Amino acid sequence: MTEKQKMLAGEMYDPLDNVLFNEREQAKLLFQEINSLNETQKERRAKLIYKLFGKAGKNLWVEPPFYCDYGYNITVGNHVFFNYNCCILDVMPVSIGNNVMIAPNVQIYTATHPLEAKARNSGKEFAKPISIGNDVWIGGGAIICPGVSIGNRGVIAAGAVVTKNIPDDVLVGGNPAIVIKTIEN
């Protein structure tokens, strides 16, 4: 298997592989241009965002600055809003549903490293996909950890660190995030 195939299969892979390095550089060039455009260049910014993401529905809005690893592993539905300074490490797929609001400084991380020092020091890493349902609001500064699925109609409180799957219709918060209450939708 190539390093990219290993990466996409969730296996340990070498992130310094030339193919992967070049793909991250291409994404970086796109998001650097996106981040440099002013409000009079909204149409150009929108075209570049749609080019960066793997798949995106209608009415996608991204406030710069925005950062990601590859871009092509990010899929978003309709009516998705990213506020300032969001970062998605999209080593594996990041799937975001419809009507999702993502506040400033939200971090979404599929990338992770081995816990064992020897394996971690090898420089290899792996990743786990992330799924975010429909009608979700992720509050400012929240961190979504590798392998997490967030259900529909939920709210992730500001500053929450989400380490486990979140069911539909709940408010979660804290570090690690826990269910605070059920939301009557």
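Owing to the predicted nature of the structure, the values given are computational and were not obtained by experimental measurement.

This part covers the UniProt feature "domain: Maltose/galactoside acetyltransferase" (unreviewed entry) in the protein chain. The positions UniProt marks with the feature "domain: Maltose/galactoside acetyltransferase" (unreviewed entry) are residues 4-58. What you have in residues 4-58 is 64% helix and 4% strand, and the ends, taken at the C-alpha atoms, are 29 Å apart.

Let's shift gears to helix α2 (residues 18-36). Taking 1.5 Å of rise per residue, 19 residues should cover 27 Å, and α2 covers 27 Å from first to last C-alpha, within 8% of that figure. The complete set of buried residues in α2 reads Leu 20, Arg 24, Ala 27, Leu 30, Phe 31 and Ile 34. For α2, the angular spread of buried residues about the axis comes to 125 degrees, placing them on one side. Turned more than 90 degrees away from the buried face of α2 sit Asn 18, Gln 26, Leu 29 and Ser 36, all of them exposed. Looking at the buried residues of α2, the elements they touch are α1 (3-8), α3 (42-52) and β3 (66-68).

A word on the nonpolar core. In terms of nonpolar packing, the biggest core is built from 42 residues, with Phe 53, Phe 66, Phe 82 and Ile 156 touching the most fellow members. For this core, the element with the most residues is α2, which contributes four residues. With residues up to four places along the chain from it excluded, the contact list for Ile 156 reads Trp 137, Ile 138, Gly 139, Ala 142, Ile 144, Ile 150, Val 162, Ile 166 and Val 172. In this structure, Leu 20, Met 92, Ala 111 and Ala 127 belong to the second largest nonpolar core, which totals eight residues.

The subject of this paragraph is the environment of Ile 143. Residue placement: Ile 143 occurs in strand β14 (residues 143-144). Along the backbone, Ile 143 and Ala 160 are 17 residues apart, and their C-alpha atoms lie at a distance of 6.3 Å. Once you skip the residues sitting within four places of it in the chain, Ile 143 turns out to touch Gln 107, Tyr 109, Ala 160, Val 161 and Val 162.

With two bridges connecting them, strand β16 (residues 155-156) and strand β18 (residues 170-174) associate as parallel partners. Bridging across to β18, Ile 156 finds its partner in Val 172. One ladder, built from five bridges, connects β18 with strand β19 (residues 177-182); its direction is antiparallel. Paired with Leu 171 across the bridge in β19 is Lys 181.

This part is about the pairing of strand β6 (residues 86-89). Pairing geometry for β3 and β6, over three bridges, is parallel. Its bridge partner being in β6, Tyr 67 is matched across the sheet by Cys 87. As paired elements, β6 and strand β9 (residues 107-109) share three bridges and run parallel to each other. Among the inter-strand pairings, Ile 88 is bridged to a residue of β9, identified as Ile 108.

In this fold, Val 106 is placed in the loop between β8 (100-102) and β9. With 38 residues separating them in the primary sequence, Val 106 and Ile 144 have C-alpha atoms 8.0 Å apart. Ignoring anything within four residues of it in the chain, the contact list for Val 106 reads Asn 85, Cys 86, Cys 87, Ile 138, Gly 139, Gly 141 and Ala 142.

The strand order β1-β4-β7-β12-β15 describes an open sheet built from five strands, whose pairing is parallel. Of all the strands in the sheet, just β1 (55-56) and β15 (149-150) have a single pairing partner and so form its edges. Note: β1 against strand β4 (residues 74-76), two bridges, orientation parallel. Pairing of Ala 56 across the sheet is with Val 76, part of β4.

The rules we used
Residues numbered from 1 in each chain as written. Predicted model: local features only at pLDDT ≥ 70, side-chain atom pairs only at ≥ 80, totals over all residues. Heavy atoms only, no water. UniProt positions renumbered as here; feature names shortened; annotations may be inferred. Helix = DSSP H or I, 4+ residues; strand = E, 2+ residues; numbered from the N terminus. Expected span 1.5 Å × (residues − 1). Buried < 20%, exposed > 50% of the residue type's maximum accessible area, 1.4 Å probe, protein only. Arc of directions from axis to C-beta. Contact = heavy atoms within 4.5 Å. Core = buried A, V, L, I, M, F, W, Y, C linked by side-chain atoms within 4.5 Å. Pairing = 2+ DSSP bridges.

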